[in-house]
Amino acid sequence: MRITNKIMQNNSLYNINNNKITENQLNTMMSTGKKITRPSDDPVIAIRALRLRSSVTQLSQYYEKNAKDAESWLDVTADALSTVTAVLTDCVKQATKGANMDLTMDDLSTIVTQMEALSKEYYSTGNVDFAGRYIFTGYRTDNALSFDRTTTADYTDINDEYNAENIGTSTRVTGMSKLSSENILNDSSETVYQSDIVEVTVGRLRLSYDTLNYKKNDGNTAQLKWRESLLQPATSAVDDTAKIVQLTFTTSEGFTHYASIPMNEDTAEDESFSVTNEGITYNITKNPDDTYTITGKTDTEEYVFKMDENGVYDSTGQSTNVASGITNIESVQKTTVTYTNAAGQQIQYTIPLLPAIGQTYTMDLEYNGNTAVATVNSDGTYTIVDNVVTENNDGTTSRNIVNVTGNGSIHSSYVETTLNIGAENIIYTTSDDAEIDDFYNKINEQSTGSVAYLNAATGEILLNEELTNKLSTLPDLINANSIDVVYDKKEWSTGDIKPENLFNCTYTDEDGTILYNHGTAAHDIAYDVGFAQSVVVNTTADAVFTTSVKRDVDDLDNMINELKQMSGTLKALNEKLEVTTDETVKEKLKIEIEAAQKAYDSQRTTLQKEFEHKITSMQRALDTANLAVTENGTRSKRLDLVSTRLMSQTTTFKTLQSDNEDIDIAETVTQLTSAQVTYEASLMATGKISQSSLINYI
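Residues numbered from 1 in each chain as written. Predicted model: local features only at pLDDT ≥ 70, side-chain atom pairs only at ≥ 80, totals over all residues. Heavy atoms only, no water.

Undergrad: Tell me about the overall build of the protein, residues and numbers included.
TA: A tally of regular secondary structure across the protein gives nine helices and 28 strands. Relative to the 2.2 N^0.38 estimate, which gives 26 Å for 698 residues, the radius of gyration of the protein is 39 Å and therefore markedly larger than a compact globule would have. Relative to its 698 residues, the protein shows a buried fraction of 45%. About 35100 Å² of surface is accessible on the protein, with carbon and sulfur atoms providing 48% of the total. With 55 positive and 101 negative side-chain charges, the protein shows a spacing of 10 Å between the two charge centroids. (Helix = DSSP H or I, 4+ residues; strand = E, 2+ residues; numbered from the N terminus. Rg over C-alpha atoms; globule rule 2.2 N^0.38 Å. Buried < 20%, exposed > 50% of the residue type's maximum accessible area, 1.4 Å probe, protein only. Areas by Shrake-Rupley, 256 points an atom, 1.4 Å probe, with all protein chains shown as cover. Lys, Arg positive; Asp, Glu negative; His and termini not counted. Charge placed at Lys NZ, Arg CZ, Asp CG, Glu CD.)

Undergrad: So what about the packing of helix 3 (residues 105–125) against helix 8 (residues 583–661)? Which residues, and what values?
TA: Remark: helix 3 packs on helix 8, axes separated minimally by 13 Å, with the N-to-C direction vectors making an angle of 30 degrees. Comparing the axis directions of helix 3 and helix 8 gives the class roughly parallel. The element helix 3 and its partner helix 8 pack so that their crossing is left-handed. Across from M105, L108, I111, V112 and M115 in helix 3, the residues of helix 8 making contact are Y600, R604, L607, F611 and M618. Looking at the contact of helix 3 with helix 8, its residues break down into nine nonpolar, no polar and one charged. (Axes fitted to C-alpha atoms, helices over the stretch in contact; angles between N-to-C directions. Parallel < 35°, antiparallel > 145°, perpendicular 65-115°, else oblique. Left-handed = near helix turned anticlockwise from the far one by under 90°. Contact = heavy atoms within 4.5 Å. Nonpolar A, V, L, I, M, F, W, Y, C, P; charged D, E, K, R; others polar.)

Undergrad: Tell me about the sheet that holds strand 13 (residues 322–340), and please be specific about residues and values.
TA: The sheet built from four strands is open, its strands ordered 8-7-13-14 with antiparallel pairing. Each edge of the sheet is formed by a strand with only one pairing partner; in this case those strands are strand 8 (256–262) and strand 14 (346–352). The average undirected angle you get between the axes of adjacent strands in this sheet is 25 degrees. (Pairing = 2+ DSSP bridges.)

Undergrad: Explain a negative patch on the surface to me, and be specific about the residues and the numbers.
TA: Together, E71, D75, D79 and D640 make up a region of like negative charge exposed at the surface. Broken down by element, the negative patch gets its largest block of residues, three residues, from helix 2 (residues 43–98). Under the relative-accessibility criterion, D79 is labelled exposed at 54%. (Patch = residues over 30% accessible without salt bridge, like charges linked within 9 Å, V, L, I, M, F, W, Y side chains within 5 Å. Salt bridge = Lys/Arg side-chain N within 4 Å of Asp/Glu carboxyl O.)

Undergrad: Summarise the pattern of salt bridges; cite the residues concerned and give the values.
TA: All chains considered together, the criterion is met by 22 salt bridges. A salt bridge links K654 to E64; the shortest N-O distance between them is 3.9 Å. Placement of K654 in helix 8 and of E64 in helix 2 is noted, with a sequence separation of 590 residues between them. We classify K654 as partly exposed; its relative accessible area is 38%. The partner of D437 in a salt bridge is R172, with the nearest N and O atoms 2.6 Å apart. Of the two residues, D437 sits in helix 5 (residues 433–445) while R172 sits in strand 4 (residues 168–174), which places them 265 residues apart along the sequence.

Undergrad: So what's going on with the environment of G325? Which residues, and what values?
TA: Position of G325 among the secondary structure elements: in strand 13. Between the C-alpha atom of G325 and that of T96, which follows or precedes it by 229 residues, the distance is 67 Å. Those residues in contact with G325 that sit more than four places away from it in its chain are T248, F249, Y313 and Q318.

Undergrad: Explain a nonpolar patch on the surface to me, using residue names and the numbers behind them.
TA: Together, M30, I665 and V669 make up a nonpolar patch on the protein surface, roughly 240 Å² of accessible area in all. In this structure, I665 sits in helix 9 (residues 665–691).

Undergrad: Kindly report on helix 2, identifying the contributing residues and their values.
TA: The end-to-end C-alpha distance of helix 2, which contains 56 residues, comes to 80 Å, matching closely the 82 Å that a straight helix rising 1.5 Å per residue would cover. Helix geometry: helix 2 is bent most strongly at N66, by close to 30 degrees. (Expected span 1.5 Å × (residues − 1). Bend = angle between axes of the 7 residues up to and from the residue.)

Undergrad: Which residues make up the nonpolar core, and what values go with them?
TA: Counting 107 residues, the largest nonpolar core has Y214, L224, L454, I461, L471, Y487 and F611 as its most contacted members. Looking at this core element by element, the count peaks at 17 residues for helix 8. (Core = buried A, V, L, I, M, F, W, Y, C linked by side-chain atoms within 4.5 Å.)

Undergrad: An account of the packing of aromatic side chains is requested, with residue identities and associated values reported.
TA: In this structure the tally under the stated criterion is 14 aromatic pairs. Judged by centre distance (4.6 Å) and plane angle (55 degrees), the rings of F249 and F305 are tilted. A residue pair is termed long-range when its members are at least 10 positions apart, and F249 in strand 7 (residues 232–251) and F305 in strand 12 (residues 302–307) qualify at 56 residues. According to the relative accessible area criterion, F249 is buried, its value standing at 1%. In this structure, K68 is placed above the aromatic ring of Y63, and the distance from its NZ or CZ to the ring centre is 5.0 Å. In this structure, K489 packs its charged tip against the face of W492, placed 4.9 Å from the ring centre. (Phe/Tyr/Trp six-rings, centres within 6.5 Å; stacked < 30°, edge-to-face > 60°. Lys NZ or Arg CZ within 6 Å of the ring centre and 35° of its normal.)

Undergrad: Describe the pairing of strand 17 (residues 382–386), listing the residues and the values that go with them.
TA: Taking burial as the measure, the five residues of strand 17 include four buried ones, the bulk of the element. As defined by bridge partners, strand 16 (residues 370–376) adjoins strand 17 across five bridges and the pair is classed as antiparallel. The partner of A372 across the bridge, within strand 17, is D386. Of the pairings in the sheet, the one linking strand 17 to strand 19 (residues 397–404) comprises four bridges and is antiparallel in character. The residue bridging I384 from the neighbouring strand is V402, located in strand 19.

Undergrad: Explain unusual backbone geometry residue by residue, including any values.
TA: At D157, a position not held by glycine, the phi torsion is positive, near 50 degrees. Looking at where D157 falls in the secondary structure, it is placed in strand 3 (residues 154–162). We classify D157 as partly exposed; its relative accessible area is 40%. Of note, the phi angle at N479 is positive, near 60 degrees, even though the residue is not glycine. Tracing the chain through its elements places N479 in the loop between helix 6 (465–472) and strand 24 (483–489). Judged by relative accessible area, which is 49%, N479 ranks as partly exposed.

Undergrad: With reference to specific residues and values, describe the sheet that holds strand 5 (residues 198–206).
TA: Strands sit in the order 4-5-23-22-21 across an open sheet of five strands; the sheet is mixed. The sheet is open, and its two borders are formed by strand 4 and strand 21 (426–427), each paired with just one other strand. The strands touched by helix 6 are strand 5, strand 22 (452–455) and strand 23 (460–463); relative to strand 23, the strand with the most contacts, the crossing angle is about 115 degrees.

Encoded structure:
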C-alpha cells in the first residue's frame, strides 16, 4: 500500500485532535471534579448516578430532616412528661402528709393550697407545644389541652368512660343542716340530738367534671351505661367486594352534599343497605334498561338522580330541586360480622367498607330478617348497633354493639345496658342540704334494683347497693371501657381539660355542631424515618392526663371548708354556752354541742380517709404518666437506632455516589500530564512530517 505524505499528515492531524479531545476531557474533569458532565459521556455512570442521587436524597430527607424533627418532638414530650411526673410525685407526698390525723386545720389548708398549685402546673404542662403545635391533643394540634379562661362552651353527650375500679363510695353526714347558724342562735329552735347526725354511705362514680348543665324543668337527662361481653364475641371476615356509588350534588338552593351509597347488587337474599347522611336517606334502584335511579329523601324534600350502567351521571333524569351532580361507581371490600346474642342466636351482618368523608353518617343494615344501624365515623371506623332492644325488669334496656376498624376487623364488641337518669333522680345545683340529705336516704333505702342519681353540682353518680356491687365487679373488656356516663356541661373554668381531648362528645356553637371522637381510630402522628418505616411521635392527652387530679384537690378543699364551717359552729355553740345563764338553754346547747362534735369528728375522720384515697388516686395518675414516659422513651430509643442506621446508610451511599461520579484527583493529574506530553509530542512529530516532501529526496 502506497503511503503518501498527505496520508501521513491527515493521520497526524486526526491523532492530534484525539489527543486534544482527551486533554480537554481531563481538563474538564479536573475543573468539575466529576467523571462526566452529561449522560452521553458515560451512560452507565449516568444511570448509576441517578439511582444513587435518588437514594441519597431520600436518606438525607429521612436523616437530616424527618428524624431530626421527630427527635425534637420526642424531646419536648419527654421534658413535659418529666414535669408531669415530678408534679404528681409531689402530689403523692402532700396527700401522704395530709393523711395524718394530728394535723391542725391550718396545716391541712396549707397542704391543699400546695396541691392546688401543683394541680394548676399539671394541667398547664399539657399546653406545651412544639413549633406552634400542641403536642398532647392528637390531630388537633392547633387546639390547646385546657381552657385558658372561664367560658360557656356548650358540650353535650359527653361520654365519660370508666372501669369497675373507679366505683367508690360517698359518705355524707346527714342532719348537719339542722346545725345552721340560724338554728343554733335561736333558743326556741328544735334541739338537735346526736341521733339526728347520721353517716350515710352510698356507691359513687365521680365524673370528670362538676357543675353540669342541668336545671330544674329543663328536660335534660343523663345516661348511665355499662357493658358486658357478648355470649360469643364478634368475629369478622373480609371475603367479598361490593359496588358503591359516590354521589356529589348541589341543590337548587346552592347547598352541596356528598354520599357513598351501596348499590345492593350481588347481595344475598334478604340483604339490603340504605345510607343516611345530613338527614337525607339514599337508595338506588336498577331500571329495566340497566340505568340506575338514585333517590334521596328528607322529611320535606325528595331528590332524584339518574346514571347509566357505567356510573356516568345523566342530568336529564335529575329532579328540579337538583342543580348539578356527579356520580361514579367504585368497588370496595365487604366484611362479614358474626356474633352470638344473649339468647344464643347467631347474628350476622355484611358491611360494605364505605369511605370516610370527614363527617359521620349512618347505614341501615338488613340480613336474614335482622336489622341494625352502622354508623360510619369520620375517622373511617364503624359502629354497629343492633336494632333489637331488650327491656329489663329493673327499668334498663340492653342492646348489642360491635365496633369495627377501617379495614374491617373487630375492634370491640359487647352488650350495652342503659339506665336513664331522669329529672326526678337529679340533684340540682339549687338543691339545699336538707334535700340532698333526703336523696342520700332514698338511695340508702332503695338497696335493690338499678337506682342511680346524678349530683349535677358535684359531678357524681350516686348508686344504690345492688348497682354498686354490679358495677364494681364488671370484668374488663378488650379495647373498651366497661362503664359510660353521658351528660351535658356548659360552664367551664380556667384549667379544665377540653372534653374533645379526652372524650367522645358533641360541641355546638353559632357555626353549627361538631362531633368529636366518634370512632375508635387513634390520633397517631408519625414521621417517615426510613423506607417503609415510621415512628409515632405524639402522646395523646388520654395517655397522660386525667381530670381526677383537679377533682381530687377540689374534693379536699370542699371537705376542709365544711370542716371549718362545723368548727365555727362548735366555737359559736361553746361561746354561747359560756354566756348563757338559763339552765334550759344550757342543757339544749350541751346536747347540740355533742351533736356538732359528732358531726365534726365524723367529718375529720372522713377527711383523713379521703387523703388516704387521694394517695391511691394520685399514685394511679403518676403510674399513668410513667407509662407515657416509658412509651416515649421506647420511641426515642427506636428513633436513635433508626438514626444510627440512617447515618451509616447515608455515609455508604454518599461514598458510592462519590466513587461513581467523582474523579480520583491524583490519577486524573497523572493522566492529564501524560495527555499533555502526548499532545506536545504529536505536535512535534507532525511538524517534522509536514516539513518533509519529495524534493528533499531528489
